[in-house]
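Coordinate inspection notes
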Amino acid sequence: MEPVADTLRRLREAFSAGRTRPAGFRAAQLEGLSRFLQDNRQLLQDALAQDLHKVSSTGQLPPYLLSQAPRLHPASTHRAASAFESEISEISISQGEVNLALRNLRVWMKDEKVPKNLATQLDSAFIRKEPFGLVLIVAPWNYPLYLTLVPLVGALAAGNCVVLKPSEISKHMEKVLAEVLPRYLDKSCFAVVLGGPQETGQLLENKFDYIFFTGSSHVGKIVMAAAAKHLTPVTLELGGKNPCYVDDDCDPQTVANRVAWFRYFNAGQTCVAPDYVLCSPEMQERLLPALQGAIARFFGNDPRGSPDLGRIINEKQFQRLQGLLGCGRVAIGGQSDERERYIAPTVLVDVQETEPVMQEEIFGPILPIVNVRGPDEAIDFINRREKPLALYVFSNSSQVVNRLLARTSSGGFCGNDGFMHLTLTSLPFGGVGTSGMGQYHGKFSFDTFSHHRACLLRSPGLEKICALRYPPYAQRNLRLLLAAMKVRNCSCTLL
Ligand code: NAD
């Protein structure tokens with residue numbers, strides 16, 4: 001294998017030669033990504049099935065389910081061919097980002113004309129979107145395709161050379177990304193580097209022009225510290241605890257369906273999943289049977305037999321989650337099986353704010369409920385904690401939804417549903433505070449991976465006008481210059 005230093009040198013040379021800048025080259029890379037997704041659908045689904053135990057589109061059940069066929073939820077055997085979660089949260093959604101970039105590339109690349117003052121009326125003023133150069137993308141394991149490809153779309157569309165570091169934990173997808181993906185891209189401008197914490201630490205010692213990191217807050221700090229040594233700009237897509245407030249006026253079954261789907265999707269290993277519910281004791285009483293009903297309908301009476309429920313990625317995460325099951329009181333679920341790394345969809349009640357389940361990001365199929373007396377107490381509870389990646393509010397009252405929106409802060413916000421906001425490429429996706437910095441998706445990805453260069457092209461003539469600003473300074477010239485550069489003050493019409 002080529003030494004990392006040689007790979008980086010090779011990519012830098014390609015960038016300096018201007019290889020990645022033409023729109024045609026960028027479009028060819030995006031077409032390559034599109035073909036990668038189309039040609040390898042089965043391979044990708046199989047890798048996801050092996051890493052995160054999802055059903056593949058051939059209907060092939062994950063290994064742990066083959067021995068349990070008689071216990072399967074009856075509806076699941078018919079749906080086994082759906083590969084539902086992989087399709088909507090990994091493959092199709094990535095394809096959508098590629099399509100969007102291909103359709104809009106030339107428009108996104110265009111110089112953006114900006115308003116001018118009197119002094120520059122005859123000049124050309126614009127923002128040019130330039131590639132940064134050599135970009136590093138570091139990805140996590142929980143959506144190992146989507147969280148690798150979507151930043152990659154932005155980086156390639158913006159004309160950068162890219163080093164991709166997939167997660168070593170989702171090892172089947174890592175192999176596909178390392179061995180198959182490069183066949184679809186220009187290797188002089190794109191490389192995959194493999195490794196865990198140690199190798200990534202060494203990789204980060206090198207100078208990059210931009211680093212895009214998705215992962216835990218803990219590692220985010222390591223990445224940012226390494227980037228600071230070279231003053232490299234970063235996007236950090238991190239995690240945290242996403243609150244979900246449920247108001248007393250809600251229909252409990254509707255809320256339960258939506259919350260259960262989002263909490264137990266990918267076995268709860270989703271950065272934007274509702275991490276805990278805040279509601280009154282009365283709402284909790286109505287919500288518990290509704291959640292029980294939703295879980296039974298989704299996964300059957302024995303969720304272990306459902307092919308629609310994933311498994312915990314590895315032993316370390318399984319042990320951590322099992323520890324969290326000891327917090328508060330188990331109201332629903334609570335069963336686990338170490339051999340399969342299975343944890344039942346679980347709801348905990350009577351949890352204390354000081355318990356680990358309310359201190360760390362859960363990242364598994366466990367949902368604690370914490371009691372508050374109304375929206376104001378929920379707002380205080382949320383604001384006492386770090387700013388989350390996402391915040392969810394369920395209420396029939398738009399006033400309540402808007403009150404929580406106005407008085408809290410989070411990376412994203414969704415009223416009356418789970419993480420649907422991230423399906424819109426017209427909305428930026430990213431955290432705030434400890435849940436991250438920077439944003440991407442759709443055009444935001446292109447802008448993230450582009451330096452916005454401020455450009456003013458002036459005339460070489462008209463020196464007489466320029467002479468106004470040269471010494472010896474004159475009071476009359478100052479008045480003229482100030483008038484020419486003036487930014488007018490106008491009162492805000494809303495106030
Ligand atoms: P992680 O931080 O452990 O690992 C992410 C990447 O960093 C991996 O590629 C890994 O190899 C590398 N890495 C790990 N330790 C390192 C070290 N010491 N030095 C340098 N590199 C290191 O995260 P994870 O366990 O893969 O993913 C789960 C976390 O990611 C959760 O906290 C989750 O909330 C977060 N996440 C955030 C988003 C988002 O969009 N904001 C999306 C998915 C996951």
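Everything here concerns the structure above.
Below, the structure is looked at part by part. Bear in mind that the values here come from a model prediction, so they are computed numbers and not experimental data.

Our focus in this paragraph is the overall build of the chain. Scanning the chain from N- to C-terminus turns up 18 helices and 18 strands. Once the C-alpha set of the chain is aligned to its principal axes, its extents read approximately 90 × 60 × 40 Å. Here the chain, with 495 residues, has 53% of them falling under the buried criterion. Taking the intrachain contacts of the chain between residues at least 6 apart in sequence as the baseline, contacts between residues at least 24 apart amount to 72%.

Residues in contact with the ligand amount to 27 residues; listed here are only the nearest, Ala139, Glu168, Ser216, Leu238 and Glu361. One of the backbone N or O atoms of glycine 215 is found 3.3 Å from an oxygen atom in the ligand. Here the ligand loses 90% of its free accessible area of 840 Å² to cover by the protein chains. Of all the secondary-structure elements, those providing two or more residues to the shell around the ligand are helix H9 (197-204), strand S6 (210-214) and helix H10 (217-229). When grouped by side-chain class, the residues that make up the shell around the ligand number 15 nonpolar, eight polar and four charged.

On to the pairing of strand S13 (residues 346-349). Residue alternation in S13 divides its side chains into two sets, Thr346 and Leu348 and Val347 and Val349, and both sets are buried. Two strands pair when backbone bridges link them, and strand S10 (residues 329-332) and S13 are joined in this way by three bridges, in the antiparallel orientation. Residue pairing across strands places valine 330 opposite leucine 348, the latter belonging to S13. As judged from the three bridges shared by S13 and strand S14 (residues 366-371), these two strands associate in the parallel manner. Paired with threonine 346 across the bridge in S14 is isoleucine 366.

Conventions used here
Residues numbered from 1 in each chain as written. Predicted model: local features only at pLDDT ≥ 70, side-chain atom pairs only at ≥ 80, totals over all residues. Heavy atoms only, no water. Helix = DSSP H or I, 4+ residues; strand = E, 2+ residues; numbered from the N terminus. Buried < 20%, exposed > 50% of the residue type's maximum accessible area, 1.4 Å probe, protein only. Contact = heavy atoms within 4.5 Å. Near = heavy atom within 4 Å. Polar contact = N/O pair within 3.5 Å; in protein donor to acceptor, adjacent residues only side chain to side chain. Areas by Shrake-Rupley, 256 points an atom, 1.4 Å probe, with all protein chains shown as cover. Nonpolar A, V, L, I, M, F, W, Y, C, P; charged D, E, K, R; others polar. Pairing = 2+ DSSP bridges.

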